[in-house]
Amino acid sequence: MAVNKLYQFSILNALMDGVADEGISVATMLESGDHGLGTFKHLDGEMVVIDGIAYQMKQDGSILIADPEMVVPFAMVTRFQPTQVAVGSLSGKDALDLHISEHLPNARNLFVAIRIDGQFEHITVRTVGKQEYPGECLVDVGKRQVVRTLSNTTGTLVGFYSPGFSQGLSVAGYHLHFLEDNRGNGGHMLDFRGGNLQISLSPITRVELELPQSNGFNAATLLADAGNIQQVEGR
């Protein structure tokens, strides 16, 4: 896989419709990237991929290295090679938006791979529990999410900025997952603030999208509205 090329399996709207029982293996996913995020079969926790290792961040707070044969119904990964690295303070997604606008001014309609390392004064994350029945939609699964706020911790935020036209294929805007350096806590990032952060970025202009060939995907409507997406993304 070429560097800074996005590989995506399935689309966000499939997860919104609860299509999460089939997919590719973790091992297959890692052939296409060493940096990214996703989820697992039946939406059993959040996934983050850091330095080529996939971690499962479960609702109960446990962090596991994902088994290579685990099923991945949705993922976005790239072979990350930053083209822009800076050190600075950030306070939330708005500050990150300003940073990217300053350092990658021509990337508004591109995908951007993002990695942020360092000391976080606070970071709020959520983890979801697995589906209670096959096909349970993500909005309903999200009602059982667990939210944690971590203070004065070190770790890594990994993910992507996706342009507005991609809403439904991915999460338009910022989609970032966090993992502490000690692997003690992590999850889908809702809010953060930190100083002396290393902010690494790379614009992405090449995208490979692989769609499922399952009965569930074939039967799904795939028409989730922006309001429901914002609800499950914590906006």
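In the block above lies the structure referred to throughout.
So, how was this worked out
- Residues numbered from 1 in each chain as written.
- Predicted model: local features only at pLDDT ≥ 70, side-chain atom pairs only at ≥ 80, totals over all residues.
- Heavy atoms only, no water.
- Helix = DSSP H or I, 4+ residues; strand = E, 2+ residues; numbered from the N terminus.
- Rg over C-alpha atoms; globule rule 2.2 N^0.38 Å.
- Contact = heavy atoms within 4.5 Å.
- Areas by Shrake-Rupley, 256 points an atom, 1.4 Å probe, with all protein chains shown as cover.
- Lys, Arg positive; Asp, Glu negative; His and termini not counted.
- Charge placed at Lys NZ, Arg CZ, Asp CG, Glu CD.
- Salt bridge = Lys/Arg side-chain N within 4 Å of Asp/Glu carboxyl O.
- Buried < 20%, exposed > 50% of the residue type's maximum accessible area, 1.4 Å probe, protein only.
- Pairing = 2+ DSSP bridges.
- Patch = residues over 30% accessible without salt bridge, like charges linked within 9 Å, V, L, I, M, F, W, Y side chains within 5 Å.

(A) Examining the overall build of the protein more closely. What the protein contains, in helices and strands, is 6 helices and 14 strands. Its C-alpha radius of gyration of 16 Å places the protein within 12% of the 18 Å reference for a compact globule of 235 residues. Judged by the C-alpha coordinates and their principal axes, the protein covers about 45 × 35 × 35 Å. Taking all contacts inside the protein whose residues are at least 6 apart in sequence as the whole, residues at least 24 apart take part in 78%. Accessible surface computed for the protein: about 9,800 Å², of which carbon and sulfur atoms make up 47%. Positive and negative side-chain charges of the protein, numbering 16 and 26 respectively, have mean locations separated by a distance of 1 Å.

(B) Highlighting the pattern of salt bridges. Scanning all chains against the criterion turns up 9 salt bridges. Glutamate 46 is the salt-bridge partner of arginine 126, the closest N and O atoms lying 3.0 Å from each other. Separated by 80 residues along the polypeptide, arginine 126 in strand S10 (residues 111-127) and glutamate 46 in strand S4 (residues 46-50) bring together distant segments of the chain. Taking the relative accessible area as the measure of exposure, arginine 126 reaches 6% and is therefore buried. Arginine 115 is the partner of aspartate 51 in a salt bridge, and the nearest nitrogen-oxygen pair spans 2.8 Å. Of the two residues, aspartate 51 is situated in the loop between S4 and strand S5 (53-57) and arginine 115 in strand S10; the sequence distance between them amounts to 64 residues. One continuous salt-bridge network, built from bridges that share partners, spans Asp51, Arg115 and Asp117.

(C) Spatial organisation of the pairing of strand S1 (residues 5-9). Within S1, 4 of the 5 residues are buried, which leaves the element mostly enclosed by the surrounding structure. As defined by bridge partners, S1 adjoins strand S14 (residues 206-210) across 5 bridges and the pair is classed as parallel. When the bridges of S14 are listed, glutamine 8 appears paired with leucine 209. Here S1 runs beside strand S8 (residues 74-78); their pairing, made up of 3 bridges, is antiparallel. Looking across to S8, one finds that tyrosine 7 is bridged to valine 77.

(D) Region of the structure containing a nonpolar patch on the surface. Together, Leu169, Leu209 and Leu211 make up an exposed nonpolar region whose accessible area comes to about 240 Å². Looking at the element boundaries, leucine 211 is found in the loop between S14 and helix H5 (215-219).

(E) Quick peek at unusual backbone geometry. Positioned with a positive phi, asparagine 196 is a non-glycine residue whose angle comes to about 55°. Summarising the element assignment, asparagine 196 is placed in strand S13 (residues 186-204). Here leucine 222, not a glycine, exhibits a phi torsion of approximately 60°, which is positive. Residue position: leucine 222 is located in the loop between H5 and helix H6 (226-232).

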